[in-house]
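Residues per chain, in single letters:
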Amino acid sequence: MWSTVRLWFDPDEVRSVGSAPDYRFSLANERTFLAWLRTALALIGGGLAVAQFLPEHRLRIVIAVALLALGALVALRAVDHWARSEKAMRKGEALPPSHFPAILALVITAGAVTLLVATLL
């Protein structure tokens, strides 16, 4: 576990494995990482907006905490996926598979349906 976290903060360790891939692939990996960070920031912003602007209700707290936690999870997943993908490219291996986008889509869909039901009630 600690070695995985260390990869997030030490790009030299990621670069010490294998050989340098075509720089375009590394740049594409970074763009994907930044897109995930934008998603995380949007979720966090949504959580803060819900906490500040929805009327006082228990559901408000649940939604706000869920969005903030999901934003934090997406940010951590983004950096982990960046490091694992960069390492795989340097080793000439297949990119690591990820079920996270599908899981995130299902969680967001469930949240949207919950909000829709809460709005209609």
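Residues numbered from 1 in each chain as written. Predicted model: local features only at pLDDT ≥ 70, side-chain atom pairs only at ≥ 80, totals over all residues. Heavy atoms only, no water.

Our next topic: the pattern of salt bridges. In the structure shown here, the tally under the stated rule is 4 salt bridges. A salt bridge links Asp 22 to Arg 24, with the nearest nitrogen and oxygen atoms 2.4 Å apart. For Asp 22, a relative accessible area of 27% puts it in the partly exposed group. Because the salt bridges share partners, they merge into one network encompassing Arg 77, Asp 80 and Arg 84. (Salt bridge = Lys/Arg side-chain N within 4 Å of Asp/Glu carboxyl O. Buried < 20%, exposed > 50% of the residue type's maximum accessible area, 1.4 Å probe, protein only.)

Further remarks concern the environment of Met 89. In this fold, Met 89 is placed in helix H4 (residues 58-91). In this structure, Met 89 is in contact with Pro 21, Phe 25, Ser 26, Asn 29 and Leu 95, ignoring residues within four places of it in sequence. (Helix = DSSP H or I, 4+ residues; strand = E, 2+ residues; numbered from the N terminus. Contact = heavy atoms within 4.5 Å.)

Without other data, these values stay purely geometric and don't point to any function.
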